[in-house]
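One letter stands for each residue in the lines below.
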Amino acid sequence: MSTPSTVRNRRGPALDVAVVGGGMVGAAAALALAKAGFATTLLEAREPSPWSVTDEVDLRVVGLAPSSIALLDDLGVWTSIRDSRAGPYAHMHVWDAENGAAIHFDAADEGRELLGYIVENNLVQWRLWQALEAAGVRRLCPADVRGFEAQEDRIQLELADGDLLAAKLLVAADGAGSPLRKLAGIETRGRDYEQRAVVAHVTTERAHEGTAWQRFIATGPLALLPLADGRSSIVWSLPDEEARRVLALDDQAFLAELGVASDFRLGRITATTPRAAFPLRLKLAESYQAERFVLLGDAAHAVHPLAGQGVNLGLRDVTELRDTLVAARDAGRDIAAEHVLRRYARRRRSADTLDAMSFDTLARIYSWQSAPLVAARGLGVRLLNRLSPIKRRLAEHAAGL
């Protein structure tokens, strides 16, 4: 096992871990590893924008599952996130526009108070970022990694400014396009859904009732997610051309079309923020590891948002990596030894791939439009809604329990 003296840097003291990517998953990884006692540096191209309660709610939101909340609580940031601006939800209602079949999840049925919280991406990221310094994480920002080379006891990073940084382990959490994944020679597989998710925050005639609503329509799923201020955040998956058309509508036309698409479940849609859209793709890394190198979050798996699980999967990666490295260190092993990283990669790639392909299959099933298949789909959903043990297991899996 390498000793700290064998890992030297021109950019500061010896390192256990270098984490590249300061988004939610990267910042959570750096914070988790530092709190577990690893000398950690986080490299990021730019600092996140400061979050303020006086700002408009970020258009990008995440539904945090209990497993993610448990990690954030363990990292000491959850209370400040929850008390800042987080929308709790205790129910989830999903229904099919074609056949009316519905499935309903209730936290009380699982013996829980809530299913989760809807939280702004930049709020979570900012609270994590603020906690890094106190935990001893060294932040290099701006920083751009141009290359890296694995050696016997270290991995050496070459930065854009010509400096070198060495660590025992390099963690890539640099997003779905991950330049580091490409430098490592790790291929991906998946598909382009040829859809965009149109997002906005809307005011509705009726209260959201602390419920996450999702309607599957012919063009793709529409989710209305409960915000802390009483509005709903919409995530409306549409074919590319249709998404561009919807973005170009004036507000009144948009509100009218959104009301029809939502089946007026919350009454009329009365107001909206400006809209944005992002492309939907399935992308899975063929491997989560290389020599002294691992992938986390979207760098390893980008999934369809219909189940709202993308960030939750990434935070489960963080928990698994932390626990794997702690076990290796406590056993006196090199934390970046191949068999150590293989254990993390095997466990998370198996779980992430199963979830990603399940979401993809669900998207395909709900795209069926022929009458017999629509009828079969409705029958299956109605049956599932009545089978409490199976429905409960699905809810537990989504919660990460």
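Attention here is on the structure that accompanies the text. The structure displayed is predicted, hence computed values, not measured ones.

**A word on the overall build of the chain**
At step 1: Counting its regular elements, the chain contains eleven helices and 21 strands.
At step 2: Taken against the 2.2 N^0.38 rule, which gives 21 Å for 401 residues, the C-alpha radius of gyration of the chain at 22 Å falls within 12% of a compact globule.
At step 3: With the C-alpha coordinates aligned to their principal axes, the bounding extent of the chain is approximately 65 × 45 × 40 Å.
At step 4: Residues classed as buried in the chain amount to 53% of the 401 residues present.
At step 5: Look at the contacts in the chain between residues 6 or more apart in sequence, and 73% of them connect residues 24 or more apart.
At step 6: Carbon and sulfur atoms provide 51% of the accessible area of the chain, an area that totals close to 17000 Å².
At step 7: Considering the chain, the positive charge centre built from 48 side chains and the negative charge centre built from 51 side chains are found 3 Å apart.

**A look at the sheet that holds strand β20 (residues 293-295)**
By way of backbone hydrogen bonds, the strands of a sheet pair with one another, either parallel or antiparallel.
At step 1: The six strands are arranged β8-β2-β1-β12-β20-β19 in an open sheet whose pairing can be described as mixed. Both edges of this open sheet fall to β8 (138-140) and β19 (289-290), since each of them pairs with a single strand only.
At step 2: In this structure, strand β1 (residues 17-20) lies alongside strand β2 (residues 40-43), joined through four bridges in parallel fashion. Looking across to β2, one finds that V20 is bridged to L43.

**Considerations on the packing of helix α3 (residues 78-85) against helix α4 (residues 121-132)**
At step 1: Where α3 meets α4, the axes come as close as 10 Å, and the angle between the chain directions of the two elements is 145°. In the crossing of α3 with α4, the sense of the turn from one axis to the other is right-handed. Of the residues in α4, those in contact with S80, I81, S84 and R85 of α3 are L123, V124 and R127.

**Some thoughts on the pattern of salt bridges**
At step 1: If you walk through the whole model with that rule in mind, you get 25 salt bridges.
At step 2: Linking E205 and R268 is a salt bridge whose minimum nitrogen-to-oxygen distance equals 3.7 Å. With E205 in the loop between β13 (188-204) and β14 (211-217) and R268 in the loop between α7 (251-261) and β17 (269-272), this residue pair connects regions lying 63 residues apart in the sequence.
At step 3: The class for E205 is partly exposed, based on a relative accessible area of 47%.

**Focus: the side chain of Q125**
At step 1: Structurally, Q125 can be placed in helix α4.
At step 2: Its relative accessible area of 18% is what places Q125 among the buried residues.
At step 3: Beyond its immediate sequence surroundings of up to four residues, Q125 is in contact with G22, G23, M24 and P48.

The rules we used
Residues numbered from 1 in each chain as written. Predicted model: local features only at pLDDT ≥ 70, side-chain atom pairs only at ≥ 80, totals over all residues. Heavy atoms only, no water. Helix = DSSP H or I, 4+ residues; strand = E, 2+ residues; numbered from the N terminus. Rg over C-alpha atoms; globule rule 2.2 N^0.38 Å. Buried < 20%, exposed > 50% of the residue type's maximum accessible area, 1.4 Å probe, protein only. Contact = heavy atoms within 4.5 Å. Areas by Shrake-Rupley, 256 points an atom, 1.4 Å probe, with all protein chains shown as cover. Lys, Arg positive; Asp, Glu negative; His and termini not counted. Charge placed at Lys NZ, Arg CZ, Asp CG, Glu CD. Pairing = 2+ DSSP bridges. Axes fitted to C-alpha atoms, helices over the stretch in contact; angles between N-to-C directions. Left-handed = near helix turned anticlockwise from the far one by under 90°. Salt bridge = Lys/Arg side-chain N within 4 Å of Asp/Glu carboxyl O.

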